[in-house]
Amino acid sequence: MAEAEEQETESLEESTDESEEEESEEEPKLKYERLSNGVTEILQKDAASCMTVHDKFLALGTHYGKVYLLDIQGNITQKFDVSPVKINQISLDESGEHMGVCSEDGKVQVFGLYSGEEFHETFDCPIKIIAVHPHFVRSSCKQFVTGGKKVLCEEHGTNTTSDVQMLLLFERSWMSRWKSSVLHEGEGNIRSVKWRGHLIAWANNMGVKIFDITSKQRITNVPRDDISLRPDMYPCSLCWKDSVTLIIGWGTSVKICSVKERHASELRDLPSRYVEIVSQFETEFYISGLAPLCDQLVVLSYVKEVSEKTEREYCARPRLDIIQPLSETCEEISSDALTVRGFQENECRDYHLEYSEGESLFYIVSPRDVVVAKERDQDDHIDWLLEKKKYEEALMAAEISQKNIKRHKILDIGLAYINHLVEKGEYDIAARKCQKILGKNAALWEYEVYKFKEIGQLKAISPYLPRGDPVLKPLIYEMILHEFLESDYEGFATLIREWPGDLYNNSVIVQAVRDHLKKDSQNRTLLKTLAELYTYDKNYGNALEIYLTLRHKDVFQLIHKHNLFSSIKDKIVLLMDFDSEKAVDMLLDNEDKISIKKVVEELEDRPELQHVYLHKLFKRDHHKGQRYHEKQISLYAEYDRPNLLPFLRDSTHCPLEKALEICQQRNFVEETVYLLSRMGNSRSALKMIMEELHDVDKAIEFAKEQDDGELWEDLILYSIDKPPFITGLLNNIGTHVDPILLIHRIKEGMEIPNLRDSLVKILQDYNLQILLREGCKKILVADSLSLLKKMHRTQMKGVLVDDAAKPFSVVAFHCRHMFHKECLPVPSMVSWPLGSRSEVYPSSGGFSGLAFYHTGKMNLFIKCRIAYMVVPPYPRCQLP
């Protein structure tokens, strides 16, 4: 039976290993290693029962009552024999100078690691929890909490014992004596406690409580969800993420609680703080431990599975999951199955998860093993990518984090990537990656080229060879060119075209091409390439000869670049036949080198090419080729009639009689109409439109352009017996000729298409004209009145005449009234009666003047400094 169980255990281990391999395609978020050295020695003879982590050291408790202090590598630095039985919990303050220990035999000890202070207490029951104040090192914070039945009672000098489980707070008094107080009692055994800042959280059989040590108040009770689970077999896991956020894991449930301040208006008899559950969700497995990781959670889970063969339930490897909490659910980020020693025999309560906040280290504690999990760095990420042969991603990761990686070099990863691609037969990709990976290292480039030569793949690397910085040895480039020349003329030509001529020995390559042309003298690719090689050697004559023979497009570039116009004066027809557009552009751009006259003479036997040249010349400048305009009439008529009419319109040097003769001979109606109108024979032109084109719209448009009453009369006479023409005239004549003239001439009984619509349009046009005239009249009258008022106001204003020779100033009005400036009232200082008007009269008899203000019932006088007198009313003047 024992052998069968052993075989089953081995098969389970194999199956879990296989499942891990299947899931390994997804990169783990954490990396794992066993805590060895002293830990290995301890666990060979003893079993781990609990552990706590400080930034400086680790404290490990065992089943044999020992407490070991370890460095982060697992080496033993100190050992304490606390009890002969199991250590249940170890607590450290934040300074790492004081330790609290409780054991299964009821012993509780709090002592200084570097001082002689110590507290001992023994209860008559197993003590599962202890937590010292985070700032225990301070004299004002000598406090710790523990759970038990014994209560110290100093009345009558006796001690009393209670069967009720209590959470006790021990405090050192001012005389260095310790006193205890009950924070909570009842509700079963207390199996977990965590102290952070001023808040203590503990779990008993009923749920989780939080106590505020400052206000001495319990501020919440979070009940246990699944009461069917035994709390001793599936204990609660507590973890403070920060000073106000508590994470609770119990069974398969996770709750994230936030401690918040209560508003002053809500206090009354309530605690000053309250707890809000900000996230709550279920997990797939039983929770053995929790730890925060930024805004995520690390969860240690106890897993039970059912064997497919025996259908028996067995203990599987524990899992360490990273999850992203949401309000009512969670998202799994990663999940790793851990192969810890003896996992087949462990229960949920045997696993613990401790963590170091400063370094994001997570310690998975089991009776026979301690595994350390830490976040993977970029070197680990690259290791995993290389292991999975994801070289491109590894290279990219190394480039992004080149300042942070310590164990890898970008070049080494890149060379491994190239080798991997070559082994896979992906030669083109490998060659392309050489550009990025090899960079400016000429020696590595040459090494890789020879490696590609050995496998017969020089063509693959040729497009990516460096051409400037660095420059490889000429032999490298010549070797590749010879490779192409032997098997791929097009590829050879491409390289010659793309590579600068100074990369290789040009004469060597020219001779090699000539040797191949002896076998295939008409090969256009080799001839074109030879012309390019001649160009690199500045042997432009030979290059131009080959280009013209081949009628190659680069001939124009060669002529421009090297100023070979003197060599092409007798080859203009050849160039035009090859590409007339480019040839004409080149000839027109270089008139100073090849004259217009020379070009026209060369093209005399090719009138169609002559027309192309002269047409483009005319488009550029209407006057440069004026001596050829008469010739162009025939050329346009023969080869390009659509452009004849625009030419006749734009040319001022074209003989109209000659043009008219040619157009009439060829029966070009539109061109003839234009020429007749231009020569002043508008009536003949109109007649031709009506008789030849039968286009009333064009006839009306022509009459509008000429704006001649006689033409309109001719048009009406011609149209009077043609109903469609009458309709066209009715629709368009209204703004040019009185429609009545046309309507009176329509024969009675003649049926005219769309007559009603035409008459309605005439009335609408007439009404529109009336409205436009009335609108213009209103605008004119309004503008005239506005300008008249403006002129009147301007003339009524006074003008200050300041004479420096006189001790006073005079104000003169356009009505010839003048006053001393001092004699005029200041408007801001005079309150006029309601309805008053001011009138100013001129002085008489040598007096200086008088201001008279008329109110209707009374006259007000303002006396001038010299004298005043009442005079008959004069036209009013406006005071300034």
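Worth saying up front: this structure is predicted, and the values here are computed from it rather than measured.

A. Representation of the overall build of the chain. For the chain, the count of helices and strands is 28 helices and 36 strands. Taken across its 880 residues, the chain has 45% of its residues classed as buried. For the chain, the proportion of contacts with a sequence separation of at least 24, taken over those separated by at least 6, is 48%. In the structure as shown, the chain presents an accessible area of about 47500 Å², 49% of it carried by carbon and sulfur atoms.

B. How the structure looks around the nonpolar core. Counting residues in hydrophobic clusters, the biggest one holds 86 residues, and the most contacted among them are Leu465, Trp499, Tyr504, Ile559, Leu575 and Tyr613. The contact partners of isoleucine 559, leaving out residues within four places of it in the chain, are Leu544, Leu564, Phe565, Ile568, Leu575 and Met586.

C. Molecular detail of the pattern of salt bridges. The full count for this structure, using the stated rule, is 37 salt bridges. Overlapping salt bridges bring together Lys31, Asp380, Asp383 and Arg407 as one network.

D. Region of interest: the packing of helix α4 (residues 391–400) against helix α5 (residues 410–424). For the pair α4 and α5, interaxial distance at closest approach is 9 Å and the crossing angle is 165°. Considered as vectors, α4 and α5 are oriented roughly antiparallel to each other. In the packing of α4 onto α5, the handedness of the crossing is left-handed. Taken together, the residues of α5 that come into contact with α4 (itself represented by Tyr391, Glu392, Ala394, Leu395, Ala398 and Glu399) are Ile410, Ile413, Gly414, Ala416, Tyr417 and His420.

E. Spotlight on helix α16 (residues 580–589). Buried within α16 are the following residues: Ala583, Val584, Met586, Leu587 and Leu588. Next to the buried residues of α16 lie α14 (554–562), α15 (572–578), α17 (596–602) and α18 (607–620).

F. Main features of a negative patch on the surface. On the surface, Glu26, Glu284, Glu305 and Glu332 cluster together to form a negatively charged patch. With respect to the helices and strands, the residue glutamate 305 is situated in strand β24 (residues 304–306).

G. Representation of helix α11 (residues 506–519) within the structure. The end-to-end C-alpha distance of α11 is 21 Å, a good match for the 20 Å that 14 residues give at a rise of 1.5 Å each. By the burial criterion, the buried members of α11 are Asn506, Ile509, Val510, Ala512, Val513, His516 and Leu517. Along the long axis of α11, the arc covered by the buried residues comes to 160°, so they all point the same way. Exposed residues pointing more than 90 degrees away from the buried face of α11 are listed as Lys518 and Lys519.

H. Geometry of the packing of aromatic side chains. Summed over the entire model, instances satisfying the criterion amount to 15 aromatic pairs. When the centroid spacing of 5.3 Å and the interplanar angle of 50° are considered together, the rings of phenylalanine 80 and phenylalanine 111 count as tilted. In this pair, phenylalanine 80 sits in strand β5 (residues 76–81) while phenylalanine 111 sits in strand β8 (residues 107–112), placing the two residues 31 residues apart along the sequence. Considered together, phenylalanine 80 and phenylalanine 111 belong to a single accessibility category, that of buried residues. Ring geometry for tyrosine 477 versus tryptophan 499: centroids 5.3 Å apart, planes at 80°, classification edge-to-face. Of this pair, tyrosine 477 sits in helix α9 (residues 474–487) while tryptophan 499 sits in the loop between α10 (489–498) and α11; the two residues are 22 residues apart in sequence, bridging distant segments of the chain. Take tyrosine 477 and tryptophan 499: they sit in the same class, and that class is buried. Stacked on the ring of phenylalanine 484, the Lys or Arg lysine 459 has its end atom at 5.6 Å from the ring centre. Geometry around phenylalanine 668 places arginine 641 over its ring, the cationic atom sitting 4.2 Å from the centre.

Rules behind the numbers
Residues numbered from 1 in each chain as written. Predicted model: local features only at pLDDT ≥ 70, side-chain atom pairs only at ≥ 80, totals over all residues. Heavy atoms only, no water. Helix = DSSP H or I, 4+ residues; strand = E, 2+ residues; numbered from the N terminus. Buried < 20%, exposed > 50% of the residue type's maximum accessible area, 1.4 Å probe, protein only. Contact = heavy atoms within 4.5 Å. Areas by Shrake-Rupley, 256 points an atom, 1.4 Å probe, with all protein chains shown as cover. Core = buried A, V, L, I, M, F, W, Y, C linked by side-chain atoms within 4.5 Å. Salt bridge = Lys/Arg side-chain N within 4 Å of Asp/Glu carboxyl O. Axes fitted to C-alpha atoms, helices over the stretch in contact; angles between N-to-C directions. Parallel < 35°, antiparallel > 145°, perpendicular 65-115°, else oblique. Left-handed = near helix turned anticlockwise from the far one by under 90°. Patch = residues over 30% accessible without salt bridge, like charges linked within 9 Å, V, L, I, M, F, W, Y side chains within 5 Å. Lys, Arg positive; Asp, Glu negative; His and termini not counted. Charge placed at Lys NZ, Arg CZ, Asp CG, Glu CD. Expected span 1.5 Å × (residues − 1). Arc of directions from axis to C-beta. Phe/Tyr/Trp six-rings, centres within 6.5 Å; stacked < 30°, edge-to-face > 60°. Lys NZ or Arg CZ within 6 Å of the ring centre and 35° of its normal.

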